[in-house]
Amino acid sequence: MVDHLDTDVARVSIILEQASTIKAGFSTLGIAENTSAMSYRDSLKADQDALVHRIEAATGSKLDVVWNLTLAANLISANVRRGDIARIAELDGVRSVAVENRYTPDVVSVGGEYTTDMAVSGQMTGAGEAWLEGYTGAGSRVAVIDTGLDTDHQSFSAEALAYALEQTGKTVQLMDAKDIVPVLEQLNAYRAMTEKGQTLTAEELYGNTKMPFNFNYVDGDLNVSHDFDDMGSHGSHVAGIAAANAFVSDGNGSFVPALESVFTQGVAPDAQLLTMKVFGADGGAYDSDFMAAIEDAIYLGCDSVNLSLGS
């Protein structure tokens, strides 16, 4: 049993009574263009702002707000003194206050060398049959909420993706910076930066055709590489399983099949990867950090969202 002082600070989710935008019945499909949904979301944010003022009056201190979530959840994530939690929970409009969990990657150092061989995984999962039928994930968007991505890795080359699409002869709609523009100001990533007095553009969030969105939710910046922290490369591993390219460079200006050369190919090799880093220089992610990323994935029209969590 851990004893806490009333002055100890904890990250909490202050959950409001009114239903979130999605729980109110609005569809996630094209939600940013749904004016009724956005109006409802704005009303939730206004209620949250009013609640913040009441909390500050009740506790006698400024509320350290981290996230205002209104899409998948209706909650304020904030750092508060533990002695104030019960007082906040009693305020009108508050359904409950929950202390958030914080997660850290399970990073293991191994002295030996690894040889990654996913050449037979397609047979094990049945992905090989889907490939034969022409399903490669082309035109789909996969969000990976994890430790980040090795953006220079050969398996995530935009040029190799372009080559693969040329081989299939498919014409698909790929996400680009213009697709971020209509939803930019709705994104939690945007709000996190602007609340710090910094600007954020769609072009800055966009990487390339393979990696069309990159944001670091725990550090509040655009650095999604795991080269500058000790959170490990799990995010790249997961991204590779999901969407490592079907071709890699041969070093001479052309491309060779990835399964034959590096024995690795993702289940949906022609899919685009949206990198949402939630483990970084500031450590591990709280529950609301994950939720903030999930909400953004919804706004960005992701077909799937991956969280490989254990706790």
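Here the structure is a predicted model, which is why all the values come from computation and not from measurement.

Chemist: An account of the overall build of the protein chain is requested, with residue identities and associated values reported.
Modeler: The helix and strand tally for the protein chain stands at 11 helices and 10 strands. A separation of at least 24 residues holds for 75% of the contacts in the protein chain among residues at least 6 apart in sequence. On the protein chain, the mean spot of the 18 positive side-chain charges and the mean spot of the 44 negative ones are 9 Å from each other.

Chemist: Residues and numbers for the pattern of salt bridges, please.
Modeler: Summed over the entire model, instances satisfying the criterion amount to nine salt bridges. Residues Asp84 and Arg87 are paired through a salt bridge, measuring 2.7 Å at the closest nitrogen-oxygen approach. Between Asp179 and Arg141 there is a salt bridge, with the nearest N and O atoms lying 4.0 Å from each other. Of this pair, Asp179 sits in helix H6 (residues 177-180) while Arg141 sits in strand E5 (residues 141-146), and the two are 38 residues apart along the sequence.

Chemist: Explain the packing of aromatic side chains to me, using residue names and the numbers behind them.
Modeler: Going through the model one piece at a time under the given rule, you end up with seven aromatic pairs. Seen from their ring centres, Tyr103 and Phe290 are 5.5 Å apart, and the 80 degrees between their planes marks the pair as edge-to-face. Note that Tyr103 is positioned in the loop between strand E4 (94-99) and helix H3 (121-125) and Phe290 in helix H11 (residues 287-299), a separation of 187 residues in sequence. One exposure class covers both Tyr103 and Phe290, and it is buried. Taken together, a centroid distance of 4.9 Å and an interplanar angle of 80 degrees make the contact between Phe215 and Tyr217 edge-to-face. Residues Phe215 and Tyr217 agree in their burial class; the two are buried. One aromatic cluster is present, built from ring pairs that chain together Trp67, Phe215 and Tyr217.

Chemist: Quick rundown of the sheet that holds E5? Include the residues and the values.
Modeler: Across the sheet, four strands lie side by side as E6-E9-E5-E10; this open sheet has parallel pairing. Single-partner strands in this sheet number two, and they are strand E6 (213-216) and strand E10 (304-306). Averaged over all neighbouring strand pairs, the angle between strand axes comes to 15 degrees, with direction disregarded. Strand direction decides the pairing type here: E5 and E10, joined by three bridges, are parallel. Bridging across to E10, Val144 finds its partner in Asn306. Lying over the sheet, helix H9 (residues 234-243) contacts E5, strand E9 (272-277) and E10, oriented at roughly 160 degrees with respect to E5.

Chemist: Outline the pairing of strand E1 (residues 9-16), supporting the account with residue identities and numerical values.
Modeler: The buried fraction of E1 is high, at six of eight residues. In terms of strand pairing, E1 meets strand E3 (residues 75-81) through seven bridges, oriented antiparallel. Following the sheet pairing, Arg11 is matched in E3 by Asn79. In terms of strand pairing, E1 meets E4 through five bridges, oriented antiparallel. Paired with Val12 across the bridge in E4 is Val99.

Conventions we followed
Residues numbered from 1 in each chain as written. Predicted model: local features only at pLDDT ≥ 70, side-chain atom pairs only at ≥ 80, totals over all residues. Heavy atoms only, no water. Helix = DSSP H or I, 4+ residues; strand = E, 2+ residues; numbered from the N terminus. Contact = heavy atoms within 4.5 Å. Lys, Arg positive; Asp, Glu negative; His and termini not counted. Charge placed at Lys NZ, Arg CZ, Asp CG, Glu CD. Salt bridge = Lys/Arg side-chain N within 4 Å of Asp/Glu carboxyl O. Phe/Tyr/Trp six-rings, centres within 6.5 Å; stacked < 30°, edge-to-face > 60°. Buried < 20%, exposed > 50% of the residue type's maximum accessible area, 1.4 Å probe, protein only. Pairing = 2+ DSSP bridges. Axes fitted to C-alpha atoms, helices over the stretch in contact; angles between N-to-C directions.

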